[in-house]
Amino acid sequence: MDTTHTDRCAECAGALPTSGDCWTRLHELLEIETRVLPTLEPEAGMRAHFFAVATYQLQHPSRLTRETLDRLRAAVDEMTGPSAPPIAHLRRDMGRFAAGSRKVTRSAAPTDRSHLDRRWPVSWSVTAHDVTKGQESEYPDAVGRWAVATLADLRAALAATPRHGG
Ligand SMILES: [Zn+2]
């Protein structure tokens, strides 16, 4: 058995980058996008970007309010579904959602899960680290699969053993 010590992200359980902060992974994804997205149709590029950012956030829920997480999860579900609307519609919806005085983000330690359903996963079938390790040419498909896998993980976890007030 491999007993090598590896630091893991408290939220996604992916191996931490050398920075020690998993947030760096999101920047790695965005760097890949600067190379890959210009080669795609604009709609496909915007979808890939949405899947990357939204999925990363679903796996790192300490930074968002519960209401935002629920909205984001519904949006990813809609965008991975059979009748996904144009990304512009989604952007408009999310813009309306975030408008005004609504609190969208929160500032808390990665280990702070006080706002979450206790069943919200802390490990995932696919993490940002997995996506950054892939071939860049497969990035658009990879982020789509990441989004679908994350929704499936959430669905399975939240369907398990309902808890009072969870
Ligand atoms: Zn992480």
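What you are looking at is a predicted structure, and each value in this text was computed from that prediction instead of being measured.

Each value, and the rule that gives it
- All chains use their own residue numbering, which begins from 1 and follows the written sequence.
- Two thresholds apply to this predicted model, a pLDDT of at least 70 for residue-level local features and 80 or more for giving and counting side-chain atom pairs, whereas whole-chain, interface and lining totals are computed over all residues.
- Water and hydrogen atoms were dropped before computing side-chain values, which therefore reflect all heavy atoms in the structure.
- Helix axes use the C-alpha atoms of the stretch in contact, all axes being lines fitted to C-alpha atoms, and the angles between their N-to-C directions lie in the range 0 to 180 degrees.
- Under the DSSP-based scheme used, a helix requires at least four consecutive residues in state H or I and a strand at least two consecutive residues in state E, with every element numbered from the N terminus.
- Reported orientations rely on four angle classes, namely roughly parallel under 35 degrees, roughly antiparallel over 145, roughly perpendicular from 65 to 115, and oblique for the rest.
- Contacts are residue-level and defined by heavy atoms, with any inter-residue pair within 4.5 Å sufficient.
- Throughout, the ten residues Ala, Val, Leu, Ile, Met, Phe, Trp, Tyr, Cys and Pro are labelled nonpolar, Asp, Glu, Lys and Arg are labelled charged, and all others, Gly among them, are labelled polar.
- Joining through side-chain atoms within 4.5 Å is the link that ties buried Ala, Val, Leu, Ile, Met, Phe, Trp, Tyr and Cys residues into a set, and such a set is a nonpolar core.
- Residue exposure (1.4 Å probe, protein chains only): buried if accessible area is under 20% of the type maximum, exposed if over 50%, otherwise partly exposed.

### Regarding the packing of helix α1 (residues 23–36) against helix α6 (residues 139–159)
Packed helices, taken two at a time, are described by the angle between their axes plus the distance between the axes. For the pair α1 and α6, the least separation of the axes is 11 Å and the interaxial angle reads 140°. Considering the angle they form, α1 stands oblique to α6. Along the contact surface, α1 presents L29, I32, E33 and V36, while α6 presents Y139, P140 and W146. Here the contact of α1 with α6 is built from residues that sort into 6 nonpolar, no polar and 1 charged.

### Points about the nonpolar core
Soluble globular proteins tend to bury their nonpolar side chains together. L29, F50, Y139 and V143 are the most contacted members of the largest nonpolar core, which totals 37 residues. Among the elements of the structure, α1, α2 (42–59), α3 (66–80), α4 (87–98), α5 (128–133) and α6 are those that each provide at least two residues to this core. Among the elements that line this core, the one with the most residues is α6, at 8 residues. Beyond its immediate sequence surroundings of up to four residues, V143 is in contact with A48, F51, A52 and V131.

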